[in-house]
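Below are the chains, spelled out letter by letter.
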Amino acid sequence: MSSSAITSGSPPFTASAERWGALWGARADDWTPTEEQQIPGYEEAIRRVGLGAGQRVLDIGCGTGVFLRLAAERGALPFGTDASEALLELARNRVPDAELRLGDMQFLPYGDDSFDLVTGFTSFFFAADLVAAVREAGRVAKPGAPVVIQVWGPPERCDLEAMKAIVRPFLPSPPRAAPSPPPLWKPGVLEEIATEAGLTPGVAFDFSFAYEYPDDRTLGRMLVAPAGIASLIGPEREEAIRAQIVEVLAPYRTLEGGYRLHNEFHYLVATAA
């Protein structure tokens, strides 16, 4: 694959990216089956923006490369960046032809006007400065190219919110001077962020899909994998937290003993200047 979209040298890392990269990579293998269940959300984004053969696509926070695999299957040229080397290793196995780089979403290792499509699926809000991360996405997108921003939907429409309430106290606190994060799912919030970042807001939409887990043990193990939750709660508390997760998600248990968790996601398709 051509590397003309890639700049030389190593970009800087924020402390936030270093922290989240290590946390997300702690149990990369256990995160993979959950990421693979996000395909409906990726396909809906592709349906909305279109994706043609030969187009350069950058996925910011590409994880294990599930979205990039879909892009490659459509003939696009896949590029991805992530703060976790462990996730990137899995992505390299999944999409051998992709150009993948360890990087910070606030300092993307690509030249200006490099990509026909830039995506960030539940990734931008992990940046120390969300607006700066979206601005970087717009910088590397070609003029008029779509930039897809995906965030969680309203808490009352996300079955996983019950689990989040258990683990939230263990997650890293934002810097003291940082303002409280806005409710990204509310109408107009992403549009305001995109505008401040120099992009032109376009269509916004919501889309739901379900995560499925076959049994209690799998549910507990896989739901402490994302965002380094298992590392943050510590080995001495892990079994207890897993048990709490299983208990609080009991309403979503199927007749077969598995779990089906519906979650809504909010999207904005913005346009690069």
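That block above? That's the structure.
Quantities reported herein were computed from a predicted structural model and do not represent experimental measurements. (Residues numbered from 1 in each chain as written. Predicted model: local features only at pLDDT ≥ 70, side-chain atom pairs only at ≥ 80, totals over all residues. Heavy atoms only, no water.)

All right, on to the environment of tryptophan 152 then. Within the fold, tryptophan 152 resides in strand β5 (residues 146-152). With 108 residues separating them along the chain, tryptophan 152 and arginine 260 place their C-alpha atoms 17 Å apart. What tryptophan 152 contacts, discounting residues up to four positions off in sequence, is Thr122, Phe125, Cys158, Leu160, Lys164, Trp185, Asn263, Glu264, Phe265 and His266. (Helix = DSSP H or I, 4+ residues; strand = E, 2+ residues; numbered from the N terminus. Contact = heavy atoms within 4.5 Å.)

Those residues of helix α8 (residues 189-196) that sit buried are Val189, Leu190, Ile193 and Ala194. Down the axis of α8, the buried side of the element spans an arc of 130°, and every buried residue falls inside it. Set apart from the buried face of α8 by more than 90 degrees, the exposed residues are Glu192 and Glu196. Among the structural elements, α6 (130-140), β5, β6 (200-213) and β7 (259-271) are those in contact with the buried residues of α8. Positioned one or two residues after α8, glycine 198 has a phi angle of 90°, which is positive. (Buried < 20%, exposed > 50% of the residue type's maximum accessible area, 1.4 Å probe, protein only. Arc of directions from axis to C-beta.)

Attention now moves to unusual backbone geometry. For threonine 122, which is not glycine, the phi torsion reads 40° and is therefore positive. Relative to the helices and strands, threonine 122 resides in the loop between β4 (117-121) and α6. Positive phi outside glycine occurs at alanine 227, with the angle close to 60°. Along the chain, alanine 227 falls in the loop between α9 (216-223) and α10 (229-233).

Our next topic: the side chain of glutamate 35. Within the secondary structure layout, glutamate 35 lies in helix α2 (residues 28-36). Although glutamate 35 is buried, it makes no salt bridge; arginine 94 carries the closest opposite charge, 5.9 Å away. One polar contact links glutamate 35 to threonine 64, side chain to side chain, over a distance of 2.8 Å. Beyond its immediate sequence surroundings of up to four residues, glutamate 35 is in contact with Tyr42, Cys62, Gly63, Thr64, Gly65 and Val66. (Lys, Arg positive; Asp, Glu negative; His and termini not counted. Salt bridge = Lys/Arg side-chain N within 4 Å of Asp/Glu carboxyl O. Polar contact = N/O pair within 3.5 Å; in protein donor to acceptor, adjacent residues only side chain to side chain.)

A general tendency of soluble globular proteins is for nonpolar side chains to be buried together. Judged by nonpolar contacts, the single largest core of 44 residues is most densely connected at Phe67, Leu219, Leu223, Ile245 and Leu249. When near neighbours in sequence (up to four residues on either side) are disregarded, leucine 219 contacts Tyr213, Val246, Leu249, Tyr259 and Leu261. Formed by 31 residues, the second largest nonpolar core is a distinct cluster that contains Met105, Ala145, Ile149 and Ala272. (Core = buried A, V, L, I, M, F, W, Y, C linked by side-chain atoms within 4.5 Å.)

Moving on, we come to the packing of aromatic side chains. Here the structure, examined in full by the defined rule, presents 14 aromatic pairs. For the ring pair phenylalanine 79 and phenylalanine 115, a centre distance of 5.1 Å and an interplane angle of 70° mean the geometry is edge-to-face. Taken together, the residues span a long stretch of sequence, with phenylalanine 79 in strand β2 (residues 77-82) and phenylalanine 115 in the loop between β3 (99-102) and β4 at a distance of 36 residues. Each of the two residues, phenylalanine 79 as well as phenylalanine 115, counts as buried. Taking 5.5 Å as the distance between ring centres and 70° as the angle between the ring planes, the aromatic pair formed by phenylalanine 209 and tyrosine 211 counts as edge-to-face. Judged by its relative accessible area of 6%, phenylalanine 209 falls in the buried class. Assessed through its relative accessible area of 2%, tyrosine 211 is described here as buried. (Phe/Tyr/Trp six-rings, centres within 6.5 Å; stacked < 30°, edge-to-face > 60°.)

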